[in-house]
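Examining the three-dimensional arrangement
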Amino acid sequence: MLKDEYPQYEASLSEPMYTCLRVNTLKVSVEEFLRISPFELTPVPWTKNGFYYDASVDTPSKHPFYYAGLYYLQEPSACLPAASLPIDPGDKVLDLCAAPGGKSTELGAKLGGTGLLVSNDISASRLKALQKNIEVFGIKNSIITCETPENLSHVFEAYFDKILIDAPCSGEGMFRKSHAMVTAWEQNGNDKFIGIQRSILKEAVKMLKPGGSILYSTCTFDPGEDEKQVLYLKELDPSLKIEQMNAYDGFVPGNPEWAESDDLDLKKTYHLFPHKIKGEGHYTALLKSYEEEARYATCGQYHINRYKGNVPEIEEFLSHVKLSDNSCLEFRNNKLFLVPAESPELNGMRIMRRGVYLGELKKNRFEPSQSFAMILGKESFDNTVSFTPDDIRTGKYLKGETLDLSEETGLSAGWVLVMVDRFPLGFGKLTNGTLKNKYLPGWRMI
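Calculation notes
- Residues numbered from 1 in each chain as written.
- Predicted model: local features only at pLDDT ≥ 70, side-chain atom pairs only at ≥ 80, totals over all residues.
- Heavy atoms only, no water.
- Axes fitted to C-alpha atoms, helices over the stretch in contact; angles between N-to-C directions.
- Helix = DSSP H or I, 4+ residues; strand = E, 2+ residues; numbered from the N terminus.
- Parallel < 35°, antiparallel > 145°, perpendicular 65-115°, else oblique.
- Left-handed = near helix turned anticlockwise from the far one by under 90°.
- Contact = heavy atoms within 4.5 Å.
- Nonpolar A, V, L, I, M, F, W, Y, C, P; charged D, E, K, R; others polar.
- Buried < 20%, exposed > 50% of the residue type's maximum accessible area, 1.4 Å probe, protein only.
- Pairing = 2+ DSSP bridges.

This paragraph deals with the packing of helix α9 (residues 191-204) against helix α10 (residues 227-236). Interaxial distance between α9 and α10 falls to 10 Å at its minimum, and their mutual angle equals 30°. Compared by their axis directions, α9 and α10 come out roughly parallel. The interaxial crossing formed by α9 with α10 has right-handed handedness. When α9 is examined against α10, the residues I194, Q197, R198, L201 and K202 are found in contact with a partner set consisting of K228, Q229, Y232, L233 and L236. Per-class residue counts for the contact of α9 with α10 are five nonpolar, two polar and three charged.

A word on the pairing of strand β19 (residues 384-387). Burial along β19 is one-sided: the residues V385 and F387 are buried and none of T384 and S386 is. Note: β19 against strand β21 (residues 414-420), four bridges, orientation parallel. Residue S386 lies in a different strand from β21, and its bridge partner there is M419.

On to the pairing of strand β23 (residues 434-437), then. With burial as the criterion, only one face of β23 is covered, namely that bearing L435 and N437; the residues T434 and K436 on the opposite face remain uncovered. In this sheet, β23 lies alongside strand β20 (residues 403-404) in antiparallel orientation, the contact comprising two bridges. Each bridged residue has a counterpart across the sheet, and for D404 the counterpart in β23 is T434. Inspection of the sheet shows strand β22 (residues 423-431) paired to β23 by four bridges, in the antiparallel sense. Directly across from T431, in β23, lies its bridge partner T434. Hairpin geometry of β22 and β23 is characterised by an intervening segment of two residues between the two adjacent antiparallel strands and by a positive phi of about 50° at N432.

On the basis of which strands lie adjacent, the open sheet formed by four strands has the order β2-β3-β1-β4 and antiparallel pairing. Taken across any chain shown, the strands that pair with only one partner, and hence form the sheet edges, are β2 (42-43) and β4 (71-74). Bridge count for strand β1 (residues 19-23) against β4 is four bridges, and the pairing is antiparallel. Counted as the bridge partner of V23 is Y71 from β4. Contacting β1 and β4, helix α5 (residues 102-111) runs over the sheet at an angle of about 145° to β4.

Now for the environment of L70. Examined against the element boundaries, L70 turns out to sit in the loop between α3 (64-67) and β4. Along the chain, L70 and S104 lie 34 residues apart, while their C-alpha atoms are 15 Å from each other. The residues touching L70, leaving out its near neighbours within four places in the chain, are R22, V23, N24, K27, V28, F33, I36, F65 and F423.

When you tally the buried positions in α5, you get nine out of 10 residues, the bulk of the element. Burial in α5 covers these residues: G102, K103, S104, T105, E106, L107, G108, A109 and L111. Directly beyond the C-terminal end of α5, a positive phi value near 60° is found at G112.

Structure, rendered in C-alpha coordinates:
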(Lines give C-alpha, C1' and ligand atoms only; values in the text may rest on other atoms or scores of the structure.)
Protein backbone atom coordinates (compact mmCIF):
# COMPACT_ATOMS: atom_id res chain seq x y z
CA MET A 1 0.00 0.00 0.00
CA LEU A 2 2.65 2.53 1.00
CA LYS A 3 5.35 1.50 -1.48
CA ASP A 4 8.29 3.96 -1.15
CA GLU A 5 6.81 5.47 2.02
CA TYR A 6 6.97 2.21 3.97
CA PRO A 7 10.35 2.94 5.63
CA GLN A 8 8.92 6.23 6.94
CA TYR A 9 5.92 4.38 8.36
CA GLU A 10 8.13 1.73 9.95
CA ALA A 11 10.34 4.39 11.52
CA SER A 12 7.29 6.20 12.94
CA LEU A 13 6.44 3.16 15.05
CA SER A 14 9.56 3.83 17.15
CA GLU A 15 8.52 7.40 17.89
CA PRO A 16 6.54 8.46 20.99
CA MET A 17 2.76 8.49 20.81
CA TYR A 18 0.86 11.76 20.73
CA THR A 19 -1.58 12.50 23.54
CA CYS A 20 -4.71 14.64 23.44
CA LEU A 21 -7.50 15.96 25.62
CA ARG A 22 -10.94 16.80 24.26
CA VAL A 23 -12.91 19.56 25.99
CA ASN A 24 -16.41 18.70 27.24
CA THR A 25 -18.44 21.52 25.68
CA LEU A 26 -21.50 20.47 27.71
CA LYS A 27 -19.78 21.91 30.79
CA VAL A 28 -17.35 24.51 29.54
CA SER A 29 -16.69 26.36 26.29
CA VAL A 30 -13.38 25.81 24.56
CA GLU A 31 -12.53 29.48 25.09
CA GLU A 32 -13.21 29.33 28.83
CA PHE A 33 -11.28 26.09 29.24
CA LEU A 34 -8.24 27.55 27.49
CA ARG A 35 -8.36 30.46 29.96
CA ILE A 36 -8.33 28.17 33.00
CA SER A 37 -6.25 25.28 31.65
CA PRO A 38 -2.96 24.67 33.50
CA PHE A 39 -1.59 22.69 30.54
CA GLU A 40 0.27 23.82 27.45
CA LEU A 41 -2.08 22.90 24.62
CA THR A 42 -1.92 22.97 20.82
CA PRO A 43 -4.95 22.28 18.59
CA VAL A 44 -5.67 18.94 16.95
CA PRO A 45 -6.55 20.08 13.41
CA TRP A 46 -9.49 17.77 12.75
CA THR A 47 -11.54 18.54 15.87
CA LYS A 48 -12.53 21.96 17.23
CA ASN A 49 -12.26 20.95 20.88
CA GLY A 50 -9.26 18.59 20.85
CA PHE A 51 -5.75 19.61 21.95
CA TYR A 52 -2.35 17.94 22.10
CA TYR A 53 -0.50 18.00 25.41
CA ASP A 54 2.96 16.82 26.39
CA ALA A 55 2.58 13.69 28.53
CA SER A 56 6.19 13.99 29.70
CA VAL A 57 5.31 17.34 31.31
CA ASP A 58 1.61 17.19 32.26
CA THR A 59 -0.66 14.53 33.75
CA PRO A 60 -4.24 15.70 33.03
CA SER A 61 -5.68 12.46 34.45
CA LYS A 62 -4.56 13.59 37.93
CA HIS A 63 -5.95 17.12 37.74
CA PRO A 64 -9.26 17.98 39.51
CA PHE A 65 -10.67 19.29 36.22
CA TYR A 66 -10.54 15.71 34.92
CA TYR A 67 -12.67 14.54 37.86
CA ALA A 68 -15.08 17.41 37.18
CA GLY A 69 -15.60 16.04 33.67
CA LEU A 70 -14.18 19.05 31.83
CA TYR A 71 -12.32 16.89 29.31
CA TYR A 72 -11.78 13.37 28.03
CA LEU A 73 -8.32 11.94 27.36
CA GLN A 74 -8.27 10.38 23.91
CA GLU A 75 -5.81 9.33 21.24
CA PRO A 76 -5.83 12.20 18.70
CA SER A 77 -6.88 10.18 15.64
CA ALA A 78 -9.71 8.62 17.63
CA CYS A 79 -11.29 12.10 17.89
CA LEU A 80 -11.97 12.11 14.15
CA PRO A 81 -15.08 9.87 13.88
CA ALA A 82 -17.31 11.76 16.33
CA ALA A 83 -16.00 15.08 15.05
CA SER A 84 -16.90 14.07 11.48
CA LEU A 85 -20.47 12.90 12.12
CA PRO A 86 -22.75 15.94 11.64
CA ILE A 87 -25.12 16.20 14.61
CA ASP A 88 -28.23 18.38 14.54
CA PRO A 89 -30.30 19.44 17.58
CA GLY A 90 -32.92 16.81 18.38
CA ASP A 91 -31.19 13.98 16.51
CA LYS A 92 -31.59 10.40 17.65
CA VAL A 93 -28.03 9.04 17.62
CA LEU A 94 -26.68 5.50 18.00
CA ASP A 95 -23.11 4.70 19.02
CA LEU A 96 -23.20 1.01 18.15
CA CYS A 97 -19.81 -0.13 19.52
CA ALA A 98 -19.52 2.48 22.23
CA ALA A 99 -17.23 1.30 25.05
CA PRO A 100 -15.23 2.82 26.66
CA GLY A 101 -17.05 6.02 25.70
CA GLY A 102 -14.72 8.37 23.84
CA LYS A 103 -17.06 8.73 20.90
CA SER A 104 -20.27 8.68 22.97
CA THR A 105 -19.14 11.50 25.24
CA GLU A 106 -18.44 13.72 22.23
CA LEU A 107 -21.74 12.78 20.54
CA GLY A 108 -23.58 13.61 23.77
CA ALA A 109 -21.81 16.96 23.98
CA LYS A 110 -22.69 17.75 20.37
CA LEU A 111 -26.37 16.99 21.05
CA GLY A 112 -26.26 19.60 23.83
CA GLY A 113 -29.01 17.94 25.88
CA THR A 114 -31.42 17.61 22.94
CA GLY A 115 -32.63 14.45 21.21
CA LEU A 116 -31.41 11.04 22.35
CA LEU A 117 -28.10 9.17 22.50
CA VAL A 118 -28.17 5.35 22.61
CA SER A 119 -24.75 3.97 23.54
CA ASN A 120 -24.43 0.23 23.04
CA ASP A 121 -21.73 -2.34 23.52
CA ILE A 122 -22.01 -6.10 23.45
CA SER A 123 -19.48 -6.47 26.30
CA ALA A 124 -21.02 -6.10 29.76
CA SER A 125 -17.58 -5.67 31.39
CA ARG A 126 -16.66 -2.80 29.06
CA LEU A 127 -19.96 -1.04 29.77
CA LYS A 128 -18.82 -0.06 33.25
CA ALA A 129 -16.22 2.31 31.81
CA LEU A 130 -18.78 3.61 29.30
CA GLN A 131 -21.31 4.37 32.03
CA LYS A 132 -18.74 6.16 34.18
CA ASN A 133 -17.58 8.35 31.30
CA ILE A 134 -21.13 9.32 30.34
CA GLU A 135 -21.90 10.15 33.98
CA VAL A 136 -18.71 12.17 34.48
CA PHE A 137 -19.57 14.19 31.36
CA GLY A 138 -23.02 15.03 32.74
CA ILE A 139 -24.94 13.61 29.76
CA LYS A 140 -28.64 13.40 30.66
CA ASN A 141 -30.29 12.28 27.42
CA SER A 142 -28.65 8.86 27.06
CA ILE A 143 -29.62 5.21 27.22
CA ILE A 144 -26.89 2.60 27.71
CA THR A 145 -27.65 -0.85 26.31
CA CYS A 146 -25.80 -4.18 26.21
CA GLU A 147 -27.16 -5.89 23.12
CA THR A 148 -26.20 -7.56 19.87
CA PRO A 149 -26.73 -5.43 16.76
CA GLU A 150 -29.32 -7.98 15.63
CA ASN A 151 -31.43 -7.51 18.75
CA LEU A 152 -31.14 -3.74 18.46
CA SER A 153 -32.28 -3.75 14.84
CA HIS A 154 -35.46 -5.65 15.76
CA VAL A 155 -36.43 -2.77 18.06
CA PHE A 156 -34.94 0.27 16.33
CA GLU A 157 -35.91 -0.23 12.70
CA ALA A 158 -35.60 3.09 10.80
CA TYR A 159 -35.17 4.94 14.10
CA PHE A 160 -31.83 6.78 14.13
CA ASP A 161 -30.87 10.00 12.36
CA LYS A 162 -27.16 9.31 12.86
CA ILE A 163 -25.24 6.09 13.52
CA LEU A 164 -21.57 5.82 14.46
CA ILE A 165 -19.85 2.46 13.98
CA ASP A 166 -16.31 2.40 15.33
CA ALA A 167 -16.00 -1.24 14.42
CA PRO A 168 -13.97 -3.97 16.11
CA CYS A 169 -10.94 -4.43 13.89
CA SER A 170 -7.49 -5.99 13.55
CA GLY A 171 -5.91 -2.86 15.06
CA GLU A 172 -3.02 -2.34 12.63
CA GLY A 173 -3.13 1.38 13.38
CA MET A 174 -2.47 0.76 17.07
CA PHE A 175 0.85 -1.08 16.77
CA ARG A 176 2.76 1.88 18.22
CA LYS A 177 0.30 2.22 21.09
CA SER A 178 0.38 -1.37 22.28
CA HIS A 179 2.59 -4.35 21.52
CA ALA A 180 -0.37 -6.52 22.52
CA MET A 181 -2.09 -5.29 19.34
CA VAL A 182 0.79 -6.74 17.31
CA THR A 183 0.40 -10.09 19.06
CA ALA A 184 -3.38 -10.06 18.54
CA TRP A 185 -2.93 -9.25 14.85
CA GLU A 186 -0.48 -12.12 14.44
CA GLN A 187 -3.00 -14.46 16.04
CA ASN A 188 -6.19 -13.22 14.37
CA GLY A 189 -5.22 -11.53 11.12
CA ASN A 190 -7.89 -9.59 9.23
CA ASP A 191 -10.44 -12.19 8.11
CA LYS A 192 -11.91 -12.71 11.58
CA PHE A 193 -12.82 -9.05 11.85
CA ILE A 194 -14.14 -8.71 8.32
CA GLY A 195 -16.89 -11.18 9.23
CA ILE A 196 -17.67 -9.40 12.50
CA GLN A 197 -17.81 -6.02 10.75
CA ARG A 198 -20.18 -7.30 8.07
CA SER A 199 -22.54 -8.74 10.67
CA ILE A 200 -22.62 -5.33 12.38
CA LEU A 201 -23.14 -3.35 9.18
CA LYS A 202 -25.94 -5.65 8.04
CA GLU A 203 -27.97 -4.68 11.12
CA ALA A 204 -26.90 -1.03 11.25
CA VAL A 205 -28.47 -0.12 7.90
CA LYS A 206 -31.84 -1.40 9.14
CA MET A 207 -31.78 1.14 11.99
CA LEU A 208 -31.05 4.22 9.88
CA LYS A 209 -33.84 6.65 9.02
CA PRO A 210 -34.25 7.69 5.39
CA GLY A 211 -32.00 10.72 5.00
CA GLY A 212 -29.82 9.70 7.93
CA SER A 213 -26.03 9.33 8.06
CA ILE A 214 -23.64 6.53 9.02
CA LEU A 215 -20.05 7.15 10.10
CA TYR A 216 -17.90 4.02 9.75
CA SER A 217 -14.41 3.91 11.23
CA THR A 218 -11.67 1.48 12.16
CA CYS A 219 -8.16 1.74 13.59
CA THR A 220 -6.68 -0.45 10.88
CA PHE A 221 -5.31 -0.06 7.34
CA ASP A 222 -6.54 -3.23 5.61
CA PRO A 223 -8.78 -2.44 2.60
CA GLY A 224 -10.83 -5.54 3.41
CA GLU A 225 -11.82 -3.91 6.69
CA ASP A 226 -11.96 -0.38 5.28
CA GLU A 227 -12.79 0.45 1.63
CA LYS A 228 -14.38 -2.93 0.92
CA GLN A 229 -16.67 -2.58 3.96
CA VAL A 230 -17.83 0.82 2.70
CA LEU A 231 -18.69 -0.83 -0.61
CA TYR A 232 -20.51 -3.56 1.32
CA LEU A 233 -22.55 -0.89 3.10
CA LYS A 234 -23.58 0.51 -0.27
CA GLU A 235 -24.60 -2.98 -1.40
CA LEU A 236 -26.75 -3.40 1.70
CA ASP A 237 -28.49 -0.07 1.10
CA PRO A 238 -28.15 1.34 -2.42
CA SER A 239 -29.56 4.67 -1.19
CA LEU A 240 -26.31 5.26 0.71
CA LYS A 241 -23.80 7.58 -0.92
CA ILE A 242 -20.29 8.40 0.30
CA GLU A 243 -20.12 12.01 1.48
CA GLN A 244 -17.12 14.30 1.20
CA MET A 245 -15.44 14.76 4.56
CA ASN A 246 -13.12 17.55 5.60
CA ALA A 247 -9.55 16.66 4.70
CA TYR A 248 -6.51 17.86 6.64
CA ASP A 249 -2.80 17.91 5.99
CA GLY A 250 -1.48 14.35 5.91
CA PHE A 251 -4.85 12.62 5.35
CA VAL A 252 -4.63 9.92 2.67
CA PRO A 253 -7.75 9.45 0.49
CA GLY A 254 -9.26 5.99 0.24
CA ASN A 255 -7.98 4.09 -2.76
CA PRO A 256 -10.38 2.32 -5.17
CA GLU A 257 -7.48 0.18 -6.46
CA TRP A 258 -6.84 -1.21 -2.98
CA ALA A 259 -10.47 -2.31 -2.92
CA GLU A 260 -10.29 -3.67 -6.49
CA SER A 261 -13.07 -1.24 -7.38
CA ASP A 262 -13.77 1.53 -9.86
CA ASP A 263 -15.88 3.50 -7.34
CA LEU A 264 -14.08 6.85 -7.27
CA ASP A 265 -16.22 8.04 -4.35
CA LEU A 266 -13.94 5.95 -2.12
CA LYS A 267 -11.51 8.85 -2.45
CA LYS A 268 -13.87 10.80 -0.18
CA THR A 269 -12.95 8.44 2.68
CA TYR A 270 -9.65 8.85 4.54
CA HIS A 271 -6.79 6.87 6.02
CA LEU A 272 -4.64 8.33 8.79
CA PHE A 273 -1.10 6.95 8.91
CA PRO A 274 1.21 7.69 11.86
CA HIS A 275 4.06 8.85 9.62
CA LYS A 276 1.76 11.43 7.97
CA ILE A 277 -0.12 12.94 10.91
CA LYS A 278 0.32 13.48 14.65
CA GLY A 279 -1.69 10.47 15.73
CA GLU A 280 -2.18 6.73 15.32
CA GLY A 281 -3.62 4.82 12.38
CA HIS A 282 -7.28 5.24 11.51
CA TYR A 283 -9.83 5.04 8.70
CA THR A 284 -13.08 7.01 8.47
CA ALA A 285 -15.95 7.12 5.98
CA LEU A 286 -19.22 9.10 6.06
CA LEU A 287 -22.26 7.86 4.16
CA LYS A 288 -25.71 9.44 3.84
CA SER A 289 -29.02 7.86 2.89
CA TYR A 290 -30.83 9.41 -0.06
CA GLU A 291 -33.79 7.07 0.26
CA GLU A 292 -37.01 8.68 -0.96
CA GLU A 293 -39.51 6.06 0.18
CA ALA A 294 -40.54 6.76 3.78
CA ARG A 295 -39.92 4.12 6.43
CA TYR A 296 -41.19 4.59 9.93
CA ALA A 297 -39.75 3.51 13.25
CA THR A 298 -41.45 0.50 14.80
CA CYS A 299 -40.65 1.04 18.49
CA GLY A 300 -43.16 2.86 20.66
CA GLN A 301 -42.72 5.60 23.24
CA TYR A 302 -41.59 4.65 26.74
CA HIS A 303 -44.23 5.42 29.36
CA ILE A 304 -42.53 7.37 32.13
CA ASN A 305 -43.89 6.43 35.53
CA ARG A 306 -43.68 10.04 36.61
CA TYR A 307 -42.71 10.94 40.15
CA LYS A 308 -45.77 12.47 41.81
CA GLY A 309 -43.96 14.73 44.27
CA ASN A 310 -45.37 12.85 47.25
CA VAL A 311 -42.19 11.77 49.06
CA PRO A 312 -41.25 14.39 51.69
CA GLU A 313 -37.58 13.37 51.86
CA ILE A 314 -37.17 13.72 48.09
CA GLU A 315 -39.12 16.96 48.02
CA GLU A 316 -36.90 18.44 50.71
CA PHE A 317 -33.76 17.63 48.72
CA LEU A 318 -35.20 18.83 45.42
CA SER A 319 -36.11 22.15 47.04
CA HIS A 320 -32.37 22.93 46.98
CA VAL A 321 -31.96 22.07 43.28
CA LYS A 322 -32.74 23.90 40.06
CA LEU A 323 -33.68 21.01 37.77
CA SER A 324 -35.16 22.05 34.45
CA ASP A 325 -36.11 18.48 33.49
CA ASN A 326 -38.20 17.60 36.54
CA SER A 327 -41.18 16.67 34.35
CA CYS A 328 -39.24 13.52 33.42
CA LEU A 329 -38.52 12.34 36.95
CA GLU A 330 -39.34 8.69 37.58
CA PHE A 331 -39.50 6.96 40.98
CA ARG A 332 -39.29 3.17 41.10
CA ASN A 333 -38.00 0.68 43.67
CA ASN A 334 -37.16 3.60 46.01
CA LYS A 335 -34.82 5.06 43.38
CA LEU A 336 -35.20 8.36 41.52
CA PHE A 337 -34.25 8.73 37.85
CA LEU A 338 -34.20 11.52 35.31
CA VAL A 339 -35.47 9.85 32.14
CA PRO A 340 -34.94 11.29 28.64
CA ALA A 341 -38.19 12.69 27.27
CA GLU A 342 -37.49 10.96 23.93
CA SER A 343 -37.16 7.49 25.50
CA PRO A 344 -38.37 4.61 23.32
CA GLU A 345 -40.03 1.47 24.67
CA LEU A 346 -37.35 -1.22 25.03
CA ASN A 347 -39.14 -4.25 26.45
CA GLY A 348 -36.85 -7.26 26.71
CA MET A 349 -33.68 -5.30 26.05
CA ARG A 350 -30.67 -5.35 28.36
CA ILE A 351 -30.57 -1.76 29.60
CA MET A 352 -27.75 -0.70 31.90
CA ARG A 353 -29.00 2.85 32.39
CA ARG A 354 -31.88 4.94 31.10
CA GLY A 355 -31.12 8.61 31.71
CA VAL A 356 -29.55 9.59 35.02
CA TYR A 357 -29.77 7.80 38.35
CA LEU A 358 -30.40 10.62 40.85
CA GLY A 359 -30.40 8.81 44.18
CA GLU A 360 -32.20 6.48 46.55
CA LEU A 361 -34.66 6.71 49.44
CA LYS A 362 -33.01 5.05 52.46
CA LYS A 363 -34.54 4.81 55.95
CA ASN A 364 -36.50 8.04 55.70
CA ARG A 365 -33.73 9.99 53.98
CA PHE A 366 -32.84 10.68 50.36
CA GLU A 367 -29.24 9.91 49.38
CA PRO A 368 -28.26 11.72 46.13
CA SER A 369 -26.02 9.90 43.67
CA GLN A 370 -22.64 10.83 42.25
CA SER A 371 -24.22 11.08 38.79
CA PHE A 372 -26.76 13.62 40.14
CA ALA A 373 -23.89 15.91 41.15
CA MET A 374 -22.32 15.65 37.70
CA ILE A 375 -25.37 16.99 35.82
CA LEU A 376 -25.63 20.10 37.99
CA GLY A 377 -24.41 23.46 36.76
CA LYS A 378 -22.66 26.26 38.62
CA GLU A 379 -25.92 27.72 39.96
CA SER A 380 -27.99 24.54 40.24
CA PHE A 381 -27.63 23.88 43.99
CA ASP A 382 -28.12 26.30 46.85
CA ASN A 383 -25.56 24.90 49.32
CA THR A 384 -22.11 24.76 47.71
CA VAL A 385 -18.45 25.07 48.55
CA SER A 386 -15.89 25.70 45.81
CA PHE A 387 -12.16 25.10 46.10
CA THR A 388 -9.35 26.02 43.75
CA PRO A 389 -7.59 23.15 41.95
CA ASP A 390 -4.48 23.53 44.11
CA ASP A 391 -6.36 23.78 47.42
CA ILE A 392 -5.28 20.84 49.59
CA ARG A 393 -8.95 20.22 50.40
CA THR A 394 -9.70 19.48 46.73
CA GLY A 395 -7.30 16.55 46.73
CA LYS A 396 -8.54 15.35 50.11
CA TYR A 397 -12.13 15.38 48.88
CA LEU A 398 -11.25 13.43 45.73
CA LYS A 399 -9.47 10.85 47.87
CA GLY A 400 -12.59 10.35 50.01
CA GLU A 401 -11.36 12.10 53.15
CA THR A 402 -13.47 13.99 55.70
CA LEU A 403 -13.08 17.79 55.51
CA ASP A 404 -13.08 20.47 58.19
CA LEU A 405 -15.27 23.32 56.87
CA SER A 406 -15.77 25.11 60.19
CA GLU A 407 -14.06 28.25 58.79
CA GLU A 408 -16.29 28.39 55.70
CA THR A 409 -19.11 30.94 55.83
CA GLY A 410 -22.56 30.75 54.27
CA LEU A 411 -22.89 26.97 54.44
CA SER A 412 -25.93 25.23 55.89
CA ALA A 413 -25.95 21.86 57.61
CA GLY A 414 -26.99 18.98 55.37
CA TRP A 415 -26.06 18.17 51.80
CA VAL A 416 -23.28 20.27 50.24
CA LEU A 417 -22.21 20.25 46.60
CA VAL A 418 -18.41 20.29 46.47
CA MET A 419 -16.94 22.10 43.47
CA VAL A 420 -13.60 22.99 41.93
CA ASP A 421 -13.59 26.47 40.38
CA ARG A 422 -17.42 26.27 40.45
CA PHE A 423 -17.52 22.96 38.53
CA PRO A 424 -19.25 20.15 40.50
CA LEU A 425 -17.23 17.22 41.83
CA GLY A 426 -19.73 15.51 44.13
CA PHE A 427 -21.67 15.67 47.39
CA GLY A 428 -20.80 15.70 51.06
CA LYS A 429 -22.92 15.98 54.20
CA LEU A 430 -22.13 18.77 56.66
CA THR A 431 -22.63 18.38 60.39
CA ASN A 432 -21.14 20.79 62.99
CA GLY A 433 -18.53 22.07 60.53
CA THR A 434 -17.39 18.60 59.46
CA LEU A 435 -18.11 17.40 55.92
CA LYS A 436 -18.65 13.67 55.63
CA ASN A 437 -17.35 12.67 52.22
CA LYS A 438 -19.87 11.15 49.79
CA TYR A 439 -17.61 11.02 46.75
CA LEU A 440 -18.18 7.71 44.98
CA PRO A 441 -15.51 5.23 46.19
CA GLY A 442 -14.92 3.77 42.73
CA TRP A 443 -14.12 7.22 41.32
CA ARG A 444 -11.67 8.34 43.98
CA MET A 445 -8.21 9.68 43.24
CA ILE A 446 -5.50 7.17 44.04
